[in-house]
Amino acid sequence: MTERRLRTQVGIIGAGPAGLLLAQLLARQGIESVIVENRSREYVEARIRAGVLEHQTVQLLTDAGVGDRLHREGLRHDGVYLQWPGERHHIDFPGLCGRSVWVYGQTEVVKDLIAARVEAALPLHFDVADTALVDVESDRPQIRFTSADGEATVLECDLVAGCDGFHGISRPAIPEQLRTTWERVYPFAWLGILAQVAPSTDELIYAWHPDGFAMHSMRSPSVSRLYLQVDPTERIEDWSDDRIWSQLQHRMGLDGWTLNAGPVLDKGITPMRSFVSAPMRHGNLFLAGDAAHIVPPTGAKGLNLAAADVKVLAEAIVARTQEGRTDLLDAYSDTALRRVWRATHFSWWMTSMMHVNPHGDAFDRQLQLSQLRYVTSSTAAATGLAENYTGMPFE
Ligand SMILES: Cc1cc2nc3c(=O)[nH]c(=O)nc-3n(C[C@H](O)[C@H](O)[C@H](O)COP(=O)(O)OP(=O)(O)OC[C@H]3O[C@@H](n4cnc5c(N)ncnc54)[C@H](O)[C@@H]3O)c2cc1C
């Protein structure tokens with residue numbers, strides 16, 4: 001059987017936010033890359049996931065030339081509401097740390113990045129199969145795959161970026177004895193819905209309730225995203241739309257406030273975990289995004305961390321390619337992991353403060369309420385939340 005042979009500077013596995021943004025940042029600096037993705041364009045563009053962008057992520061997308069629609073259609077949020085039964089308090093981000101966040105769906109970020117890539121006629125292979133990594137320790141690592149038209153392909157690279165998410169092939173390509181992993185599986189999950197209804201709030205509401213956490217987020221002025229804490233063993237088939245809306249109302253209800261219900265467009269249950277794998281480099285293979293780390297969504301950090309990783313990685317690749325410097329690539333894993341652990345701590349802290357632990361007791365619940373009162377009444381405590389939520393400045 002004949003093999004097609006291709007050559008590029010940076011081979012990228014995965015057309016999620018990490019892989020697409022890395023390719024865009026490199027293209028702006030004249031560095032070639034090829035992306036291989038095992039799903040279709042339609043599937044990747046429709047995958048409902050994150051929706052809150054940190055201040056720095058917005059800046060990065062803007063600098064990368066893909067911020068036009070984000071600035072037109074995205075919603076700038078200057079804070080969040082923290083709530084517990086009978087009380088709702090606003091955390092004012094600009095007043096506390098001078099930064100804001102933007103609500104703009106991951107689906108839209110991905111669509112913008114794919115559109116830029118397609119418009120520039122740069123290589124992006126969807127629907128590939130049998131992706132495999134070969135010789136990643138060498139100077140000529142390869143990505144092997146079968147293209148959508150069934151052709152066996154060898155992509156020879158200077159280096160490979162493993163941006164293939166938590167279930168990809170890149171992390172397992174690092175020998176197990178060289179990897180250290182840390183993991184926390186939480187005893188609850190999020191039942192999330194996307195609903196065709198105008199948000200009932202101007203900014204996100206995080207609600208603690210003795211029956212479990214609830215959250216009101218949004219994707220646009222006409223589409224709301226809402227979440228309920230549920231047991232990880234719950235089945236989505238057992239949650240009718242009426243049951244979901246009534247639990248949301250029960251956990252988020254407040255005198256003088258109405259929750260608008262509407263048609264449910266999408267619903268699903270996502271388990272929650274924290275996971276970090278180090279190092280994020282092996283030879284000429286560099287991991288970025290969910291391939292190396294997962295955070296529970298409470299801190300809205302997953303997509304932002306993926307963007308932060310590829311910013312550091314792109315700068316390091318540019319330094320090597322244009323100046324022959326390898327120090328930034330050598331430091332990549334340590335530099336990225338410092339931010340990963342900050343976000344991991346913040347996401348764990350928000351999760352622990354807002355969710356009712358099924359193995360906890362009345363003492364734990366009183367500690368949570370005390371923490372919530374503290375964060376909403378002390379400028380020092382609120383500033384910690386604000387600066388982490390909006391994203392710490394890049395190193
Ligand atoms: C169900 C779900 C809900 C989420 N909700 C939120 C949220 O509400 N808020 C939040 O902040 N974060 C959320 N996240 C996290 C956030 O979406 C991720 O952190 C973000 O997608 C990471 O981007 P990434 O590019 O690293 O990985 P991904 O988006 O996972 O992209 C990886 C890409 O690699 C492709 N791929 C995998 N294996 C291969 C292979 N062998 N060959 C070729 N391609 C491959 C995949 O198809 C995928 O397109 C959620 C994640 C999930 C899974």
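Our structure's up above, just so we're on the same page.
Below you will find a few notes about this structure. (Residues numbered from 1 in each chain as written. Predicted model: local features only at pLDDT ≥ 70, side-chain atom pairs only at ≥ 80, totals over all residues. Heavy atoms only, no water.)

Concerning the state of the cysteines
Then, number 1: Going through the model one piece at a time under the given rule, you end up with zero disulfides.
Then, number 2: In this model C157 remains outside any disulfide bridge; the closest cysteine sulfur is found in C163, 12 Å from its own. (Disulfide = S-S within 2.5 Å.)

Topic: the environment of S246
Then, number 1: Along the chain, the position of S246 falls in helix α7 (residues 241-252).
Then, number 2: For S246, a relative accessible area of 44% gives the class partly exposed.
Then, number 3: Distance in space between the C-alpha atoms of S246 and A261 is 9.4 Å, their sequence separation being 15 residues. (Helix = DSSP H or I, 4+ residues; strand = E, 2+ residues; numbered from the N terminus. Buried < 20%, exposed > 50% of the residue type's maximum accessible area, 1.4 Å probe, protein only.)

As for the site of the ligand
Then, number 1: Residues in close proximity to the ligand total 30 residues, the closest being E37, R47, Q106, T131 and D290.
Then, number 2: Between the ligand and R49, the relevant distance is 3.0 Å, taken from an oxygen atom to a side-chain nitrogen or oxygen of the residue.
Then, number 3: In this structure, T131 approaches the ligand through a side-chain N or O atom, which is 2.9 Å from a nitrogen atom.
Then, number 4: In the complex, 85% of the free accessible area of the ligand, which totals 1000 Å², lies under the protein chains.
Then, number 5: Counting residues per element, the shell around the ligand draws most heavily on helix α8 (residues 302-323), which supplies three residues.
Then, number 6: When its residues are assigned to classes, the shell around the ligand shows 13 nonpolar, 10 polar and seven charged. (Near = heavy atom within 4 Å. Polar contact = N/O pair within 3.5 Å; in protein donor to acceptor, adjacent residues only side chain to side chain. Areas by Shrake-Rupley, 256 points an atom, 1.4 Å probe, with all protein chains shown as cover. Nonpolar A, V, L, I, M, F, W, Y, C, P; charged D, E, K, R; others polar.)

Let's talk about the sheet that holds strand β5 (residues 75-77)
Then, number 1: An order of β4-β8-β5 is seen for the three strands of this open sheet, with the pairing classed as antiparallel. Each edge of the open sheet is held by one strand with a lone partner, namely β4 (52-54) and β5. For this sheet the average axis-to-axis angle between neighbouring strands, irrespective of direction, equals 30°.
Then, number 2: Across three bridges, β5 lies against strand β8 (residues 101-103) in antiparallel orientation. Across the sheet, residue H77 finds its bridge partner in β8, namely V101.
Then, number 3: Against the sheet, helix α11 (residues 379-390) makes contact with β4 and β8, and its axis sits at roughly 100° relative to β4, the strand it touches most. (Pairing = 2+ DSSP bridges. Axes fitted to C-alpha atoms, helices over the stretch in contact; angles between N-to-C directions. Contact = heavy atoms within 4.5 Å.)

Things to note about the layout of surface pockets
Regions of empty space are outlined by a rolling probe, equal in size to a water molecule, passed over the atoms.
Then, number 1: Roughly 400 Å³ of internal volume is contained in the second largest pocket.
Then, number 2: S352, M353, H355, N357 and Q368 are, among the 20 residues lining the second largest pocket, the residues nearest its centre.
Then, number 3: Only β14 (180-195), α9 (327-354) and α10 (362-377) provide two or more residues apiece to the lining of the second largest pocket. (1 Å grid on protein atoms, 1.4 Å probe; cavity = no way out; pocket = protein on both sides within 12 Å on 5 of 7 lines; lining within 4 Å. Points joined across faces, edges and corners; volume = space filled by probe spheres on them.)

Some words on empty space enclosed by the protein
Then, number 1: Per the stated rule, a full pass over the model turns up three cavities of 30 Å³ or more.
Then, number 2: Quantified by volume, the largest cavity comes out at close to 70 Å³.
Then, number 3: Taken together, E54, K301, N304, L305, R339, R342, A343, N388, G391 and M392 form the lining of the largest cavity.
Then, number 4: Examining the composition of the lining of the largest cavity, we find that three residues originate from one element, α9, more than from any other.
Then, number 5: Tallied by class, the residues present in the lining of the largest cavity amount to three nonpolar, three polar and four charged.
Then, number 6: The calculated volume of the second largest cavity comes to roughly 50 Å³.
Then, number 7: Along the walls of the second largest cavity sit P17, L21, L53, T57, L61, V109, L113, L303, A306 and A307, which together make up its complete lining.

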